[in-house]
Amino acid sequence: MIRYIFSRLMQMLPVLVLVSMAVFSMTLLLPGDPTFSMLGEHATAAERAALRERLGLDMPVPVQYVRWVQHVITGDFGRSLRNGEPVLNMLAQRVPATTQLAIQAIILATLIGVPLGIIAALNRNSIRDVAATAGGMFAMAMPSFWLAMLLIMFFSIFLRWLPPSGYVPFFKDPIESLRLMIMPTITLGTILAGLILRQTRTSMLGVLSADYVRTARAKGMSERRVILVHALRNALIPIVTVVGLQMGALLGGAAITESVFAVPGLGQMVVDGIFNRDFPAVQGAILVIVTFILVLNLLIDIIYAWIDRRVSR
Amino acid sequence: MTELNQTAAVQTEPENSETLIQTPPSPPEWRLVLRSLLRHRLGLTGLIICTIVLFTAVFAPWISPYNPVASDYDAILMPPSAEHLLGTDDLGRDILSRIIWGTQVALQVSLISVAVAIVGGSVVGMISGYAGGWVDDAIMRVVDAMIAFPGLILALGIVAVLGPSLTNTMIAITIVNIPNISRLVRAQVLSVRHMDFVMAARGVGAGRLRIMVSHIWPSVVGNILVYASLSAAGALIAESSLSFLGLGAQPPTPSWGWMLSSGMQYWNAWWMSVFPGAALFLVALGFNFVGDGLRDALDARIVD
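Bear in mind the structure is a predicted one, so any value in this text is a computation, not a measurement.

Peer 1: How should the overall build of chain A be read in this particular structure?
Peer 2: Helix and strand counts for chain A stand at 13 helices and zero strands. Element order for chain A, N to C, with α for helix and β for strand: α-α-α-α-α-α-α-α-α-α-α-α-α. For chain A, the spread of C-alpha atoms along the principal axes amounts to about 85 × 60 × 35 Å. A buried classification covers 36% of the 313 residues belonging to chain A. A separation threshold of at least 6 residues defines the contact pool for chain A, and within that pool the share at least 24 residues apart is 71%.

This is the structure:
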């Protein structure tokens, strides 16, 4: 088992290095001289040279990369080009909002997707199944920013129940925080709910025809117990995998959701950073998002190997 | 993805296990596939939607009632009426005409970027699967690294570097789609590479290129089509998302995403946000339906 974890870690390392190279090269690929955006157009050549030296831009690219990695590992993501704030501080402020949004979206999607998926599988080809499956497809094809706009029009403009945007940290005022997060959560959770519904239906259908379910039924077990204990437990493995694999899409979708509802999270940090040409901020946010996804995938693989020992051999 | 992989696994099963010679996974018989696609209720719905969109895009100049970029300052933010069926926007432009012309942008982005991604991804996947060894390892690590980025975040990063425009959006979407396709193709190449029909082709002196193009490609094409129609929907939504954020198509191009973002400034003019979004949703749904129908149609072929 330890050997398996070690080998998976070793596989992850080159990927992480390539990812960091890609993120680093963003600044190299940028057209124009970065000193122009930092000093403005009227700086003298000497001032530019001084800044270039201070930033290490006069060194060969591989040296710049190694220096950058050294800094990032120690938590120094550079400073925002916009207001000079350390990117690490910005990240620390923004991680909680995205985390809260993602967790709430996953909970909502599971609470909707799993029961509906079970109902669809149990009533295969009935009107309920068709309705649930169609609902799932609608949810998956829904452009998230359009859904967000419809929610705002309905809840904020028409009913005047919820403010169209805003954010309060959860630990400051949990109730207000949850209230403000209702619409972002629905927006982000809908696509995931559709995916979970579909996966639940598929894997429940697979499990329901398995021998051990028939045995459980033959033993005279109540249908409820057969479904919830024997079938669902085994059907859950692929469902959990799908949720894990969708974390990337979820965090990508968070960029849109956070922008529409003005939630100060990592996704909004990427989008704002692009508009302000604040590349240290963009790099920091993207690096954190991608590292998080890689670590999560590693954890899923390890959990998998732990559940099913055959994988690790 | 998991479902796609399952189909891939099913397809590679030799279809007649009694014969000693492994037969190639036969290429889809397109007439049968089309027939079961037309019998598939959702697939047919999707095909109808896509056909309507295609016609709208081609005949946009004739069916659109107004010029999509001409402002009429006497008709600003007009609600839907007999004159402007879907209302007008903040510059007095007819929403219906802009949605009609928007189909061109939508199709251009989704079809071209997915098509280019298929060519690129297939070449990469075939090289990787056929070459094996360190070439394969190197390519696959790069693919892994690209897949580690959430699609939209990678696209945002690329557009950030290239600058906002419709062309750059298409480039970004193409790049985002290449890794998945190359994985799909590589898996298929690996599974047929040592089969007898490939060996036989090599034995009679077929070159690598010939083997890849005329022996391996036909067995991948079904899976790729399914993936393509599903990712066309993804590409369309990605383009509108970028345009919505202001990083994609630039005004006055009638992109649905851009139309929606201007709707954000005029909440009371609900027609500005509802109709372009509905068009987007419908077309994305259409692509998804076709993808689903195709998958079932190709699966049915195996069961038959």
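Peer 1: Help me understand the interface of chain A and chain B in this model?
Peer 2: Much of the literature gives interface size as the accessible area that the parts lose upon coming together. With 37 residues of chain A in contact, the opposing surface of chain B contributes 34 residues. Those elements giving two or more residues to the side of chain A that touches chain B turn out to be helix 1 (2–29), helix 6 (127–141), helix 7 (144–158), helix 11 (247–261), helix 12 (266–275) and helix 13 (279–307) of chain A. Counting residues per element, the side of chain A that touches chain B draws most heavily on helix 11 of chain A, which supplies eight residues. The class makeup of the residues in the side of chain A that touches chain B is 33 nonpolar, four polar and no charged.

Peer 1: What's the story with the nonpolar core in this structure? I'm lost.
Peer 2: Within soluble globular proteins, side chains that are nonpolar tend to cluster in buried spots. Counting residues in hydrophobic clusters, the biggest one holds 156 residues, and the most contacted among them are V270 of chain A together with A155, L156 and L236 of chain B. Per-element accounting of this core gives the leading share, 17 residues, to helix 10 (residues 208–245) of chain B. The residues touching L236 of chain B, leaving out its near neighbours within four places in the chain, are A106, V109, S110, L280, V283, A284 and F287 of chain B.

Peer 1: Looking at this structure, how should I read the confidence of the model for chain B?
Peer 2: It should be kept in mind that the predicted coordinates are not to be read in detail where pLDDT is low. All names here are of chain B. Of the residues in chain B, 89% reach a pLDDT of 70 or more, and the chain-wide mean stands at 83. Scored below 50 in pLDDT, residues 1–19 makes 25 contacts in the model with residues more than four places away or belonging to other chains. This prediction of the complex comes with two scores: 0.85 for pTM and 0.84 for ipTM.

Peer 1: Would you explain the environment of V198 of chain B in this entry?
Peer 2: Residues and elements named next belong to chain B. Structurally, the position occupied by V198 is in helix 9 (residues 196–203). In this structure the C-alpha to C-alpha distance between V198 and I216, which are 18 residues apart in sequence, comes to 8.1 Å. Leaving out residues up to four positions away in the same chain, V198 has contacts with V192, R193, I211 and H215.

Peer 1: Please explain helix 9 (residues 211–218) of chain A as it appears in this structure.
Peer 2: Along helix 9 of chain A, only zero of the eight residues are buried, which leaves the element largely exposed. In the segment just after helix 9 of chain A, G220 of chain A is the residue with positive phi, at about 85°.

Peer 1: Is there a simple way to think about the packing of helix 7 of chain A against helix 8 (residues 174–208) of chain A in this case?
Peer 2: Two numbers describe a pair of packed helices, the interaxial angle and the distance between the axes. Residues and elements named next belong to chain A. Two elements in contact, helix 7 and helix 8, have axes whose closest approach is 9 Å; the angle formed by their N-to-C orientations is 145°. Seen from above, helix 7 lies across helix 8 with right-handed handedness. Where helix 7 abuts helix 8, its residues S144, L147, A148, L151, I152 and F155 lie against M183, I186, T187, L188, T190 and I191. Across the contact of helix 7 with helix 8, the residue classes tally to nine nonpolar, three polar and no charged.

Peer 1: Help me understand the environment of S259 of chain A, please; the structure alone is not making it clear to me.
Peer 2: For S259 of chain A, the location among the structural elements is in helix 11. Residue S259 of chain A is classed as buried on the basis of its 23 C-beta neighbours within 10 Å. Considering only alpha carbons, one finds S259 of chain A and S165 of chain A, 94 residues apart in sequence, at a separation of 9.6 Å. In this structure, S259 of chain A is in contact with Q268 and V271 of chain A together with L245 of chain B, ignoring residues within four places of it in sequence.

Conventions adopted
Residues numbered from 1 in each chain as written. Chains lettered and ligands numbered in written order. Predicted model: local features only at pLDDT ≥ 70, side-chain atom pairs only at ≥ 80, totals over all residues. Helix = DSSP H or I, 4+ residues; strand = E, 2+ residues; numbered from the N terminus. Buried ≥ 20, exposed ≤ 12 C-beta atoms within 10 Å, placed from the backbone. Contact = placed C-beta atoms within 7 Å. Nonpolar A, V, L, I, M, F, W, Y, C, P; charged D, E, K, R; others polar. Core = buried A, V, L, I, M, F, W, Y, C linked by C-beta atoms within 7 Å. pLDDT = per-residue confidence, 0-100. Axes fitted to C-alpha atoms, helices over the stretch in contact; angles between N-to-C directions. Left-handed = near helix turned anticlockwise from the far one by under 90°.

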